[in-house]
Amino acid sequence: MARRSSASDGGSTASAASEAGISESDAEAMVTAVLTASRLLVAVSARSLAAVEESLTLPQFRMLVVLDGGGPLSLSGLAGELGVQPSTAMRMIDRLVTTGVVARGVSAEDRRTSMISLTGAGRWVVAEVTERRRREIARIVGVMPAGQRRHLIEALQAFAEAGGEPTVETGSPQAHAAW
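Quantities reported herein were computed from a predicted structural model and do not represent experimental measurements. (Residues numbered from 1 in each chain as written. Predicted model: local features only at pLDDT ≥ 70, side-chain atom pairs only at ≥ 80, totals over all residues. Heavy atoms only, no water.)

*Asks:* Teacher, can you tell me more about the overall build of the chain here?
*Replies:* The helix and strand tally for the chain stands at seven helices and three strands. Overall, the chain shows an N-to-C arrangement of helices and strands of α-α-α-β-α-α-β-β-α-α. Burial status across the chain gives 23% buried among its 179 residues. In the chain, the proportion of contacts linking residues at least 24 apart, taken out of those at least 6 apart, comes to 51%. Approximately 11600 Å² of the chain is accessible, and the part contributed by carbon and sulfur atoms is 57%. (Helix = DSSP H or I, 4+ residues; strand = E, 2+ residues; numbered from the N terminus. Buried < 20%, exposed > 50% of the residue type's maximum accessible area, 1.4 Å probe, protein only. Contact = heavy atoms within 4.5 Å. Areas by Shrake-Rupley, 256 points an atom, 1.4 Å probe, with all protein chains shown as cover.)

Encoded structure:
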C-alpha cells in the first residue's frame, strides 16, 4: 500500500482549512483529534470482539454486522457493501462458515445465486459484541464533563453527516448493530 507523505497530508489539510474558512492549525488539531478518537473507537471494538470471539477479525465482524443489518445477501452484494473484491469476500465467508456464524443458501429467485446469511450464533456474536461496545463507550462518555457531552453529540452528528454516513435511528433493526 502506498503511503502518502506528510507534505501531501499537510497540503490536503491546508486546502480543507482554506475551504472551510478556518486556520490551518485549527484544521490540523481537528484532524488529529478525530484520528485519536477513531483509534480509541477501534480499540474499543477490538477489545469487545476479543472478549466475545477471539478468532474473529474486525473485517470479519464487519461482515457479520452488514449481514445483521441487511439480511441475506449475495456474494457480489456483500462484497459491494464491504467495499472489497468478491474473491476477498469469498475467503472471509469460507472462514465464517467454518466457525458457524454464517451460512450459505440458495436464492429463491435464482437458484444459481448463493445467499449468505447469519446463523443464530452469528446474531448472538453481533449482539454481544455491540452491547460490550455500548457499555465501554458509555463508560468513557460518563467520564467526560457534562457540559462537553452535548458538544460531542453535535460534533459527531455533523461529522457523520459530512461523511455521508446514515443516521441509525434508535429502535431501528440496525440500532443495536451499528458498526
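*Asks:* What is the right way to look at the side chain of Glu 136 in this model?
*Replies:* Examined against the element boundaries, Glu 136 turns out to sit in helix α6 (residues 120–143). Given the relative accessible area of 16%, Glu 136 is considered buried. In terms of polar contacts, Glu 136 uses its side chain to reach the side chain of Arg 47, at 2.4 Å. Apart from residues lying up to four places away in sequence, Glu 136 is in contact with Val 44, Arg 47 and Ser 48. (Polar contact = N/O pair within 3.5 Å; in protein donor to acceptor, adjacent residues only side chain to side chain.)

*Asks:* Please clarify how helix α7 (residues 146–162) should be interpreted in this entry.
*Replies:* Structurally, the α-helix is built with 3.6 residues per turn, so residues lying three or four positions apart point the same way. Between the first and last C-alpha of α7 there are 25 Å, a value that for 17 residues agrees with the 24 Å anticipated at 1.5 Å per step. Two residues or fewer past α7, Gly 164 is found with a positive phi of approximately 80°. (Expected span 1.5 Å × (residues − 1).)

*Asks:* Is there a simple way to explain the confidence of the model for the chain in this structure?
*Replies:* Atom-level detail of predicted coordinates should not be read off regions where pLDDT is low. This prediction gives the chain a mean pLDDT of 83; 82% of its residues lie at or above 70. Confidence drops under pLDDT 50 across residues 172–179; counting only partners more than four residues distant or on other chains, this segment forms 21 contacts. (pLDDT = per-residue confidence, 0-100.)

*Asks:* Help me understand the environment of Leu 156, please; the structure alone is not making it clear to me.
*Replies:* Within the secondary structure, Leu 156 sits in helix α7. A sequence separation of 122 residues divides Leu 156 from Val 34, and the C-alpha atoms of the two residues are 9.8 Å apart.

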